[in-house]
Amino acid sequence: MPDIMLILACLSQCLDTTTLRHLSRVSEAMLSMTGRVTMRGIARWAGKGGRYRTVQRFFTTSISWATLQWVLIRHHLLEPDDVILMGGDDVVVTKSGKHTYGLDRFFSSLYGKVVPGLDFLSVSLISVKRRTSYPVMMEPLEKQHPNTPQEVSPKTSPGKRGRPKGSKNQHRRDVELSPYLRFVQETITRVLQLISAHLQVMYFVFDGAFGHNDALQMVRQLGLHLISKLRYDAALSFPYDGPYAGRGKRKKYGKKLDYRRIPEAYLKASSVEKDIETKIYQLNLWHKKFADLLNIVVMVKTNLKTQAVAHVVLFSSDLDLSYEQLIDYYRLRFQLEFNFRDAKQYWGLEDFMTVKQTPVYNSANLAMFMVNLSQAVIRPLRMVWPELSVIDLKAWFRSQKYVVETLKLLPEMPEAIFIEQAIARMAELGRVNHAVNPI
């Protein structure tokens, strides 16, 4: 197994010696420990140089986590021939009590309801070659509470339909961003400034929450193309290709798209698997609430036994993007969910008990940092241990801790080869996957 300090050595350019030493102690303890990942738990496993007061000082230190994440990614995870996307998503961390900084009630898709907790926006770089997401920036979201109730404008003419008298046309490219979209835009801008000297990104991937014009214009203002999903019943129209009426403005919108009767001329792929027929269509269509023509991919699935039909509508602002790439890039967005899963399951994103602003921020970002660090440790070992997982990695570090602490009781330390064999044998007790060539 590699030495953690050798992997973290690249961070010396953005961390002082003391903080880097504390980070190495905390990281190694988190790789070894069992149970909940709290400051007291970390201190129990950190060993020499990792007392509880030292761990407390580390969590109260102001750290530029985005810079740390990017340096680690650039040195150990990026490959020169890889295609990199940028993706974003929110994660809700449930919390009890009343004094945690940023505590509010947020909707959690995992629970399917509003829960008390913290909400974070995570922006990640997604490797198309490795099919993996690398978290870069994790920022807390504050719920917007209006100071006064929204005013309801009275109807001037009850029962009359149509636009209010005196209303003016609005330019759909000149949109007023909501506080949430401004926050997302600022976060993406900071990430782009951080990576621009070494990496160029073209696409930003988000889930269906960005399936509207305001989000598209926000992303386009940053020079990126958006890949997202529309509602299943989105009203899309073909570009009008009929004759000119001879007066007035030329028609822009043609016939509306019928999802049940999409012309076969737009069919790109068709397959049948386990009695499920999948047809993929690609079209350039208009949406009346979007300013620009959209690259639309419709995936229609039909159950050949019951004839039940369902469809998904993906879109991109890049009209030249092929349907295979659009579908593949949107699927890769789900890699962010695996980051959240690992951060909660292994690295304490749900466990931290800090309540003040800086410790809360450090706890959340440390959990995401460990996601990248574990990938940096696992990747070179996969050449001799293809099925190596995070559980196997933690079992090895934990066995190393047990063996070393036990051997300290002996009057004389045995040879290094014996220690390695003892660690390898002890690691077999907690691992899940068998090593082809034991290390």
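As a reminder, the structure under discussion sits directly above these lines.
What you see is a predicted model, and the numbers here were worked out from it, not measured in a lab.

Rules used in this analysis
- Residues numbered from 1 in each chain as written.
- Predicted model: local features only at pLDDT ≥ 70, side-chain atom pairs only at ≥ 80, totals over all residues.
- Heavy atoms only, no water.
- Phe/Tyr/Trp six-rings, centres within 6.5 Å; stacked < 30°, edge-to-face > 60°.
- Buried < 20%, exposed > 50% of the residue type's maximum accessible area, 1.4 Å probe, protein only.
- Lys NZ or Arg CZ within 6 Å of the ring centre and 35° of its normal.
- Helix = DSSP H or I, 4+ residues; strand = E, 2+ residues; numbered from the N terminus.
- Contact = heavy atoms within 4.5 Å.
- Core = buried A, V, L, I, M, F, W, Y, C linked by side-chain atoms within 4.5 Å.

(A) Broad picture of the packing of aromatic side chains. Evaluation of the coordinates by the stated rule reveals 14 aromatic pairs. Ring geometry for Phe-204 against Phe-206: centres 6.0 Å apart, planes inclined by 25 degrees, an arrangement best described as stacked. Summarising the burial analysis for this pair, Phe-204 and Phe-206 share the class buried. Lying across the ring of Trp-286, Lys-252 places its NZ or CZ 4.1 Å from the centre.

(B) The arrangement of the environment of Phe-369 in detail. One can find Phe-369 in helix H10 (residues 357–381). Among the residues examined, Phe-369 registers a relative accessible area of 0% and is labelled buried. The sequence separation of Phe-369 and Ile-4 amounts to 365 residues, and the corresponding C-alpha distance is 13 Å. Leaving out residues up to four positions away in the same chain, Phe-369 has contacts with Leu-8, Leu-11, Leu-23, Ser-27, Trp-65, Leu-68, Gln-69 and Leu-72.

(C) Spotlight on the nonpolar core. Within the largest apolar cluster, 111 residues are counted, with the highest numbers of intra-cluster contacts made by Leu-11, Met-86, Leu-366 and Phe-369. If you tally residues by element for this core, the top one is H10, at 13 residues. Excluding residues that lie within four positions of it along the chain, Met-86 makes contacts with Val-123, Ser-124, Leu-125, Ile-188, Val-191, Leu-192, Ile-195, Val-201, Tyr-203, Phe-204 and Val-205. Listed in part, the 18 residues of the second largest apolar core include Leu-85, Val-297, Ile-327 and Tyr-329.

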